[in-house]
Amino acid sequence: MVGSLIGLLWGKHLAEDFRGQALKVIGLFVVLIGLKMAWPLPDPINTLLSIILGAWLGSALQLDRRLEHFGAWAESRVGQSGFAKGFVAGTLIFNIGAMAILGALQDGLTGKFTILATKAVLDGTTAIILTSVAGWGVMAAGVVTALYEGALSLLAGDLSTVLKGVLLTDVTVVGGLMIAAIGLNFILDNGVIKIGNLLPALLFPVLLLWLKSHGLEFL
């Protein structure tokens, strides 16, 4: 909301070069946060298997493409002008993505909100640029974002009794690598890694831990 206010008042006066550089610098910081979450990588084989199997499943289900198509469909349904344009664009940009899910999981499971705080800065910077183009409806998207991420955090909190110990560590490491990939996409500015397809990777640490508990070890 603060970013939207800045965008309404001064957004059009910000140099285009600054806008691009600001997003890339934030992307670099997101990479650092992701790598910090993943380090010291206690079980690299399980992590690699989770990422590869998750990417395979996400690609088979075409999750990234489906998310993009859903965003395009939703925007076409509400129109392209006035309040609706900014509201829909902001809601989709702020909420359809892995960072919102991973941030809420981290908050609900561990009580830490590093990802959500970083995402808030990223969303705020984006809102400055978006509001200067799409109007004040972007500000209303902040309400939807608070409800969406808040609900996910509460749900993750209910799962904290299950996701703990080694399992929580494995999920956190996989999530950290995905966060680093998001930051890399911001730096490269071409979406080289399809983050949506990686979302199923969060499920595979559970499966692999279950297999290990039944005697199947990955060395």
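Look above for the structure.
Computed from a prediction, not measured in an experiment: that's the story for all the values here.

Analysis parameters
- Residues numbered from 1 in each chain as written.
- Predicted model: local features only at pLDDT ≥ 70, side-chain atom pairs only at ≥ 80, totals over all residues.
- Heavy atoms only, no water.
- Helix = DSSP H or I, 4+ residues; strand = E, 2+ residues; numbered from the N terminus.
- Polar contact = N/O pair within 3.5 Å; in protein donor to acceptor, adjacent residues only side chain to side chain.
- Contact = heavy atoms within 4.5 Å.
- Salt bridge = Lys/Arg side-chain N within 4 Å of Asp/Glu carboxyl O.
- Buried < 20%, exposed > 50% of the residue type's maximum accessible area, 1.4 Å probe, protein only.
- Core = buried A, V, L, I, M, F, W, Y, C linked by side-chain atoms within 4.5 Å.
- Axes fitted to C-alpha atoms, helices over the stretch in contact; angles between N-to-C directions.
- Left-handed = near helix turned anticlockwise from the far one by under 90°.
- Nonpolar A, V, L, I, M, F, W, Y, C, P; charged D, E, K, R; others polar.

Moving on to the side chain of Ser50. Along the chain, Ser50 turns up in helix H3 (residues 44–61). Side-chain polar atoms of Ser50 contact the backbone oxygen of Asn46, separated by 2.9 Å. Non-local contacts of Ser50, meaning those with residues more than four positions away in its chain, are made with Val174, Ala201, Phe204, Pro205 and Leu208.

Moving on, we get to the pattern of salt bridges. Counted according to the given criterion, the structure contains 3 salt bridges. Here Asp43 makes a salt bridge to Lys212, at a shortest N to O gap of 3.0 Å. Note that Asp43 is positioned in the loop between helix H2 (16–38) and H3 and Lys212 in helix H11 (residues 204–213), a separation of 169 residues in sequence. Judged by relative accessible area, which is 21%, Lys212 ranks as partly exposed. With a closest N to O distance of 2.6 Å, Asp123 and Lys119 form a salt bridge. A residue pair is termed a helical-turn pair when its members lie 3 or 4 positions apart in one helix, as Asp123 and Lys119 do in helix H7 (residues 114–134) at 4 residues. Residue classification places Asp123 among the buried positions, given a relative accessible area of 14%.

Core analysis: the largest hydrophobic core is formed by 26 residues, its most contacted members being Ala98, Met99, Leu102, Met178 and Ile179. At the level of elements, H2, helix H6 (98–110), H7, helix H9 (165–188) and helix H10 (195–198) are the ones that each hand at least two residues to this core. If sequence neighbours within four positions are ignored, Ile179 has contacts with Val30, Gly34, Met37, Met99, Leu102 and Ile115.

Quick look at the packing of helix H1 (residues 2–10) against H7 now. Close contact between H1 and H7 brings their axes to 7 Å; oriented N to C, the two are set at 35°. For the pair H1 and H7, the crossing hand works out as right-handed. Residue-level contacts link Gly3, Ser4, Ile6, Gly7 and Leu8 of H1 to Gly124, Ala127, Ile128, Thr131 and Ser132 of H7. Along the lines of polarity and charge, the residues of the contact of H1 with H7 split into 4 nonpolar, 6 polar and no charged.

Moving on, we come to unusual backbone geometry. The peptide bond linking Trp39 to Pro40 adopts the cis configuration, its omega dihedral lying at 10°. Tracing the chain through its elements places Pro40 in the loop between H2 and H3. For Leu41, which is not glycine, the phi dihedral falls at a positive 55°. By relative accessible area, Leu41 is classed as partly exposed at 30%. Backbone geometry places Gln62, a non-glycine residue, at a positive phi of 55°.

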